[in-house]
Amino acid sequence: MEVGTSKSPSHIKGTEDVKGTEDAAELIGDPDPFQWDTREGCEVRQILDRVADKWSLLVIALLDRRRLRFTQLRREIDGISQRMLTVTLRQLERDGLVERTVHAVVPPRVEYELTPLGGTLHTTIRALVTWTEEHQGEIAVARAAYDAREAAGA
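In this report, the structure presented in the accompanying data block is examined.

Cut-offs applied
Residues numbered from 1 in each chain as written. Predicted model: local features only at pLDDT ≥ 70, side-chain atom pairs only at ≥ 80, totals over all residues. Heavy atoms only, no water. Helix = DSSP H or I, 4+ residues; strand = E, 2+ residues; numbered from the N terminus. Buried < 20%, exposed > 50% of the residue type's maximum accessible area, 1.4 Å probe, protein only. Polar contact = N/O pair within 3.5 Å; in protein donor to acceptor, adjacent residues only side chain to side chain. Pairing = 2+ DSSP bridges.

1. Comments concerning unusual backbone geometry
Then, number 1: For the bond from Val106 to Pro107, the omega torsion is -10°, close enough to zero to count as cis.
Then, number 2: You can see Pro107 is positioned in the loop between strand 2 (98–103) and strand 3 (109–114).
Then, number 3: Phi at Arg65 takes a positive value of approximately 55°, unusual for a residue other than glycine.
Then, number 4: Classification of Arg65 as exposed rests on a relative accessible area of 70%.

Put into structure tokens, the structure is as follows:
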């Protein structure tokens, strides 16, 4: 392997053959979830931080197959400030996920919509939301059990 090259978790094969050995981590590489931070010039972490924040997720979900004005987005997203919505939209536009269209009317009308790239991200977000809906009961049970253990230990 070249100097500066990281092993990604997707390249780990045959881990079942080396489990339990003292040198397992050495044999299969370190499946470090933060390995993206070590690659020079890699922006994966920055992109994940952007698309996974709660405001970006909500904006992308709301813009699925439709255009919305700034005021419509702000009305739909409970708790977001005007400044935070502006920052979020600018970041998503910079990343090529949202397109901003200004109509030359008085007063100016600005609309936002997903780009084709943003639309592909929406599919991923929908899968995450579906998973959350399917497993929310299990998560609630796990949280209650954890809280009970913490309360008993206090």
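2. Section: the side chain of Glu111
Then, number 1: As for its position among the elements, Glu111 is in strand 3.
Then, number 2: With relative accessibility at 15%, the residue Glu111 sits in the buried group.
Then, number 3: Of note is the side chain of Glu111, whose polar atom sits 2.9 Å from the side chain of His103.

3. Re the pairing of strand 3
Then, number 1: Burial analysis of strand 3 places five of its six residues in the buried class, which makes it a mostly covered element.
Then, number 2: Bridge analysis of strand 1 (residues 68–69) against strand 3 gives two bridges, and the strand direction is antiparallel. Across the sheet, residue Leu68 finds its bridge partner in strand 3, namely Tyr112.
Then, number 3: The sheet contact formed by strand 2 and strand 3 spans six bridges and is antiparallel. Each residue of the ladder has a partner; that of Arg100, found in strand 3, is Tyr112.
Then, number 4: Where strand 2 folds back on strand 3, the antiparallel hairpin that results is connected by five residues.

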